[in-house]
Amino acid sequence: MGKIYAAKTNHITNPLGFYLKPLVFSWKVKGGRGQEQKHARIVISKNKTFTDICHDTGEAELDSLSARVEFEPQPYTRYYWKVIVTTDAEEVIESDTQFFETAKMDEPWTGRWITCDSSQERHPIFSKRIRPAKEVKSARLYICGLGLYEAYFLGENKENPKKIGEEYLTPYCNNYDRWIQYQTYDITEQAERGGVLSVLLGNGWYKGRFGFNDPEREAYYGDEWKLIAEIHIEYKDGTKDVISSDETWSVTRSNLWFSNIYDGERRDDTLPPVEESPARIAKVPKGRLMERLSLPVKVQEEMKPAELIHTPAGEEVFDLGQEITGIFRLRVHEPAGTTIRIQTGEVLQDGCFYNENLRTALSEYIYVSDGTEKVITPHFTYYGYRYVKVTGVRDLSCEDFTALVLYSDYESIGAIETGNDLVNKLISNIEWGMKGNFLDVPTDCPQRDERMGWTGDTQVFSATASYLADTYAFYRKYLLPAIDTDDRLMTGERAAEDADEPSFGMNALYILLLEGDTDRVLDAIASVLGRKDPQAQAFTRLWKALDDTLRSEARLTSHEPQYMLDCAWQAFGKAEIWQKTALRNNAEGRAANDRLDTAMRLFSYASGGESNGVTAAHTIDAFIEQVRALVIEADSLAHTAPIDQAVTLTTPAGAAGKHWKLVFMPAFQQGQWPNLSPRNTLFGGEELADIMLHGRLSDDIVTSAGRENAQLAAVLASEQKSLLVALTRADERVTVSAVLNEDHV
């Protein structure tokens, strides 16, 4: 009997309080007799028994990758759903019951933003006593704290604090001037008991420093701690209560007196307690408050040190045996007033601790003991590290230290194991590289004073990531604010003026296409067109120019090769969208088929062929073959041309120059030579031109390559022409590693 699994809402299993527009369902089927889905039916109900059905699609041709349902959910509501699939073998398979629960949606907040004296260093704790009036049926906490927050529930006498949820670094990395996420927590169990809700605030991206351009700048988005919260309690008799943040909440001070994403945290348990005082009403922050998009960042794994190293410098350093991203747990029991310093690093130098490669990031935790035994764990920072240097602790032991691995709660979907240990290690390294950089946004690094979500960096890895995991929800948070609102990318620059628009565009469309969400792709494109920021305007110009060309099926008005190939590149991206749409047997699908055929003919024309009579079935293959031929031809021309004619080969004028442009641009932009990226890798356009013109590489490029791969550097230094020819043979997806293993290189 077949089974339905991986049934998700917006690519999240049973989401609570997430932004759910549009509402999309997905599922997978295994173990059935049939080979494919014939049709499916989605049923949505307000109860688990499905006696209160509020939407039923009926049997329809629903896409199991991304079935958009035209249903308008209400706020504060849990819905249950299931999918019934009929296969081509007439099997009927029903899923287990799933749920999704909405948050406040567009309901106005009764809670107000509250604050305290933010000029004090000691981080605030806001509190409110919760006393349910009747028997509690359910309770929810809707909350956001700036810069970062952790919520706890304490007993009536403020004993036994228990953290609410398992998340760290909430409300995560946002463009706080434009939008701010709030989170939803089920606190039914806590509300039944009654007690005190306490919220600890830290600095984070909002109130701390962010980015490496100005390390002295604090309060990147704001200089004031802020909190907003609502506790919604539903009683068993059907009545409801709402407890909202306001001046009746109290504030005191914690023993944390410093926190920063890059520099770590500082805590002094010898500080005297501070009496509670009333909270103040705060100025409303700039950004729009909305439901969460971020997947939870949680402790996903725990690791013990592989060894405790005693270095030649007399240091005590834990070695985890590998790099991780996260925090730690350390048990200490030192005399009162003892300062314990914990520093993290990636490498040893001459056998000793070293972290100067982190640039201005201090990457440390400082604790002053009150003389009692404590287990210390950072709250509002994270580290990228393998080595941990500890000072101020007697009788240090591996048993006292535990590394806590943090990353976003994505679902792994792919795994591979081979008979080769080195290949398996490579695969493991890739997976750990993903874990280490999938902390709310796809960062470039987790350790130094950067940790930003550069679009170009993640574009390179997004395909691999999407084979290893269901990345849709993760990337949606990263990309959706730039697509769906008048926002800009969350790339580490406040306005992201220099974000790489083609990288953003291709990354966004790739993820959406990979997940089958063609409607979302078309919506995304439509929402970007007409926006006023420079990125969107550049995208709009390219897209509309191409669209006009395709609609009229006219030849390009400009024969400048660069323009031709820009359009061909954009046609490739549009063709992928239309190819997905064309699978639908409706008017939209038929229209997409026509435009797909036109795009393919544009490819052929841009690569020097004739557009008339070329069909979609063989244009791409023909295009690739022409590119291969042109590579070899241009390479040959470059090596035989006199030096005084060499410049001609790299300009738009002249046949040889046209060949060069036709070879160079599609290869880089379409990833047919994935190792020869135009920027930020071994070499780019100018260096490749140097190879093709002179048959050699400059010394600095060879040196740069050698830092990455000594074997590759040797090949590049001696066999550039052979390498280029090899890269164009047989398979356009051939990799450098494959070329290095070929006998002819």
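Structure's up top.
Not measured: the values here are computed from a predicted model.

S.K.: What's the story with the pairing of strand β21 (residues 264–268) in this structure? I'm lost.
M.R.: In the case of a regular strand, side chains alternate between the two sheet surfaces. For β21, a buried count of five out of five residues is recorded, marking the element as mostly surrounded by other parts of the structure. Residues of β21 alternate between two faces, with Gly-264, Arg-266 and Asp-268 on one and Glu-265 and Arg-267 on the opposite face, all of them buried. When strand β20 (residues 256–260) meets β21, the two strands line up antiparallel, connected through four bridges. If you follow Asn-260 over to β21, its bridge partner there is Gly-264. Connecting β20 to the antiparallel partner β21 that follows it, the hairpin turn spans three residues. Of the strand pairs in this sheet, β21 and strand β31 (residues 364–368) are connected by five bridges, and their pairing is parallel. Note that in β31 the partner of Asp-268 across the bridge is Val-368.

S.K.: What is the right way to look at helix α4 (residues 455–468) in this model?
M.R.: Counted at 1.5 Å a residue, the expected span for α4 with its 14 residues is 20 Å, and the 19 Å between its end C-alpha atoms agrees. By the largest-angle criterion, Ser-462 marks the main kink of α4, which is about 50°. Every buried residue of α4 is listed here: Thr-455, Thr-458, Ser-462, Ala-465, Ser-466 and Leu-468.

S.K.: Explain the nonpolar core to me, please; I cannot follow it from the model alone.
M.R.: Where a protein is soluble and globular, its nonpolar side chains tend to be buried together. Within the largest apolar cluster, 93 residues are counted, with the highest numbers of intra-cluster contacts made by Trp-27 and Ile-42. Among the elements that make up this core, the one with the highest residue count is strand β27 (residues 316–332) (seven residues). Core analysis: the next-biggest nonpolar cluster, separate from the first, contains 28 residues, Ile-164, Leu-227, Ile-231 and Trp-249 among them.

S.K.: So what exactly am I meant to see when it comes to helix α3 (residues 421–437) here?
M.R.: Because each turn of an α-helix spans 3.6 residues, side chains separated by three or four positions in sequence point in the same direction. The end-to-end C-alpha distance of α3, which contains 17 residues, comes to 24 Å, matching closely the 24 Å that a straight helix rising 1.5 Å per residue would cover. Of all the positions in α3, only Asn-424, Ile-427, Trp-432, Met-434, Lys-435, Gly-436 and Asn-437 are classed as buried. By the N-cap criterion, in which a side-chain oxygen at the helix start approaches the backbone nitrogen of a residue two or three places on, α3 is capped by Asn-420, the distance to Leu-422 being 2.8 Å.

S.K.: Sorry, what's going on with unusual backbone geometry here?
M.R.: Between Lys-21 and the following residue, Pro-22, the backbone shows a cis peptide bond with an omega angle of -5°. Tracing the backbone shows Pro-22 in the loop between β1 (3–9) and β2 (24–30). Of note, the bond from Leu-146 into Gly-147 is cis; its omega dihedral lies within 30 degrees of zero at -5°. Mapped onto the elements of the fold, Gly-147 is located in the loop between β11 (136–146) and β12 (148–154).

S.K.: Is there a simple way to think about the environment of Val-24 in this case?
M.R.: Residue position: Val-24 is located in strand β2. Distance in space between the C-alpha atoms of Val-24 and Val-69 is 6.2 Å, their sequence separation being 45 residues.

S.K.: It is not clear to me how the sheet that holds strand β5 (residues 67–68) should be interpreted in this structure. Could you clarify?
M.R.: In a beta sheet, neighbouring strands are held together by backbone hydrogen bonds and run either parallel or antiparallel to one another. A sheet is described by the order of its strands in space; here three strands give the open sequence β1-β2-β5, paired in antiparallel fashion. Taken across any chain shown, the strands that pair with only one partner, and hence form the sheet edges, are β1 and β5. Bridge count for β1 against β2 is five bridges, and the pairing is antiparallel. Bridging from a neighbouring strand, Lys-8 pairs with Ser-26 of β2.

S.K.: Explain the sheet that holds strand β19 (residues 250–253) to me, please; I cannot follow it from the model alone.
M.R.: Taken in spatial order, the six strands make up an open sheet running β13-β12-β16-β10-β19-β22, and their pairing is antiparallel. Pairing within the sheet leaves two strands with one partner each, and these edge strands are β13 (162–163) and β22 (277–278). Inspection of the sheet shows strand β10 (residues 124–130) paired to strand β16 (residues 195–202) by six bridges, in the antiparallel sense. By the bridge assignment, Phe-126 is partnered in β16 with Val-199.

S.K.: How should I be thinking about the packing of aromatic side chains in this particular structure?
M.R.: The description of an aromatic ring pair uses the distance of the two centres, along with the angle that the planes make with each other. Tallying each qualifying case throughout the model produces 21 aromatic pairs. Consider the rings of Tyr-176 and Tyr-221, whose centres lie 5.2 Å apart with planes at 65°: the pair is edge-to-face. Taken together, the residues Tyr-176 in the loop between β13 and β14 (179–181) and Tyr-221 in the loop between α2 (204–207) and β17 (226–235) connect sequence positions 45 residues apart. A centroid spacing of 5.7 Å and a plane angle of 20° characterise the contact between Phe-328 and Phe-401, whose relative ring orientation is stacked. Placement of the pair is Phe-328 in strand β27 and Phe-401 in strand β34 (residues 401–408), with a sequence separation of 73 residues. Judged by relative accessible area, which is 1%, Phe-328 ranks as buried. The exposure class of Phe-401 is buried, given its relative accessible area of 0%. Ring pairs connect the aromatic residues Phe-318, Phe-328, Tyr-365, Tyr-383, Tyr-385 and Phe-401, which therefore count as one cluster. Over the face of the ring belonging to Tyr-168 we find Lys-163, whose NZ or CZ atom lies 3.5 Å from the ring centre.

Each value, and the rule that gives it
- Residues numbered from 1 in each chain as written.
- Predicted model: local features only at pLDDT ≥ 70, side-chain atom pairs only at ≥ 80, totals over all residues.
- Heavy atoms only, no water.
- Buried < 20%, exposed > 50% of the residue type's maximum accessible area, 1.4 Å probe, protein only.
- Helix = DSSP H or I, 4+ residues; strand = E, 2+ residues; numbered from the N terminus.
- Pairing = 2+ DSSP bridges.
- Expected span 1.5 Å × (residues − 1).
- Bend = angle between axes of the 7 residues up to and from the residue.
- Core = buried A, V, L, I, M, F, W, Y, C linked by side-chain atoms within 4.5 Å.
- Polar contact = N/O pair within 3.5 Å; in protein donor to acceptor, adjacent residues only side chain to side chain.
- Phe/Tyr/Trp six-rings, centres within 6.5 Å; stacked < 30°, edge-to-face > 60°.
- Lys NZ or Arg CZ within 6 Å of the ring centre and 35° of its normal.

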